[in-house]
Amino acid sequence: MKNIKITPSLQVRPRLKANLRKSDPHELTLAWRLLNSLQGVAVMVINANCSVSYANPYALEIFSLDPALVDVGAGELPKAVNKHILNQLKISKSEFILQYASGDMLRTLKVFVSSNAILNGFESSHVLHMYDITDRVGTELQLRNAEELLRNLIDASPDLICLKDAKNRWLEANPSGLALFQINQQDYKNKTDNELIDLVDPIFKETFKHSISTDAQAWKLGKSVRGEEVILLPQG
């Protein structure tokens, strides 16, 4: 990664000095250093045409901005990024998701827009705080894929599989389990075994009572409980 060193004195461009002259120089130095040290957070100042007049090192890096152009207020974002940001600003979005191709990866940023308090002499300027959430989005996608795979495996299983919460309520059940007890898809969710007893064939009453007992035992022990059970069917 190319190292870009921007000192506080270089970052405070001549046209900004009039707005910053009355500020405490120690506070300004600290502020610039904080902006320069941010990793995973891109900070930019743009005008109404999306020209960039300030970008911290992380923003310079991920958008491949030319520091010389940024220094004179003419920094150019990639066309797709520029278009997306302008569209969001036109509909007065104060926060939005920005996704764009970066090499062989898809980068995802959570963008927050605020008025530019420092450059208040420049019309229609905005400050963009962009948080890189690429890794988080990738993790969430992997979890969704794993959940979908698990769901397919559960649904394809010929065995009864039922997921319950601590209050003994049925959250999910696979088709094999619903078919075994002859329960409709719409009838079982968030119902306890005691409530389901009234919905199923009376022959399953003892099976559901046994389920209540083994569930209580498993919660008490804090571990799995194994056993075998013969389930009688209405048709014999």
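Remember, it's a predicted structure, so these values are computed and weren't measured experimentally.

A.B. asks: Any chance you could explain the side chain of T207 here in plain terms?
C.D. replies: With respect to the secondary-structure elements, T207 resides in helix α10 (residues 205-221). If near-sequence neighbours (up to four positions away) are discounted, T207 is found in contact with F181, E229 and I231.

A.B. asks: Teacher, can you tell me more about unusual backbone geometry here?
C.D. replies: Most peptide bonds take the trans configuration, and most residues that are not glycine carry a negative phi. Notably, C50 is not glycine yet its phi reads approximately 75°, a positive angle. Of note, C50 is situated in the loop between β1 (41-46) and β2 (52-55).

A.B. asks: Can you help me understand the layout of surface pockets in this one?
C.D. replies: Taken as a whole, the largest pocket holds about 760 Å³ of empty space. Lining of the largest pocket is provided by 26 residues; of these, K164, S211, T214, D215 and E229 occupy positions nearest its centre. The biggest single contributor to the lining of the largest pocket is α10, with eight residues. Residue composition of the lining of the largest pocket, grouped by class: 10 nonpolar, eight polar and eight charged.

A.B. asks: Looking at this structure, how should I read α10?
C.D. replies: For an α-helix, the turn length of 3.6 residues means that residues three or four places apart are oriented alike. The first and last C-alpha atoms of α10 sit 25 Å apart over 17 residues, in line with the 24 Å expected at 1.5 Å per residue. Listing the buried residues of α10 in full gives T207, F208, S211 and D215. Burial along α10 is one-sided: seen end-on, the buried residues are contained in an arc of 90°. Exposed and facing more than 90 degrees away from the buried side of α10 are E206 and K220. The secondary structure elements touched by the buried residues of α10 are β6 (162-164), β7 (170-173), α8 (175-181) and α9 (193-197). Just downstream of α10, G222 is the residue with a positive phi angle, here 75°.

A.B. asks: Just to check I follow, could you spell out the environment of D187 for this structure?
C.D. replies: By the secondary structure assignment, D187 is in the loop between α8 and α9. Along the sequence, D187 and L199 sit 12 residues apart, while their C-alpha atoms lie 8.3 Å from each other. For D187, the residues in contact, after removing those within four places along its chain, are L196 and L199.

What counts and what doesn't
Residues numbered from 1 in each chain as written. Predicted model: local features only at pLDDT ≥ 70, side-chain atom pairs only at ≥ 80, totals over all residues. Heavy atoms only, no water. Helix = DSSP H or I, 4+ residues; strand = E, 2+ residues; numbered from the N terminus. Contact = heavy atoms within 4.5 Å. 1 Å grid on protein atoms, 1.4 Å probe; cavity = no way out; pocket = protein on both sides within 12 Å on 5 of 7 lines; lining within 4 Å. Points joined across faces, edges and corners; volume = space filled by probe spheres on them. Nonpolar A, V, L, I, M, F, W, Y, C, P; charged D, E, K, R; others polar. Expected span 1.5 Å × (residues − 1). Buried < 20%, exposed > 50% of the residue type's maximum accessible area, 1.4 Å probe, protein only. Arc of directions from axis to C-beta.

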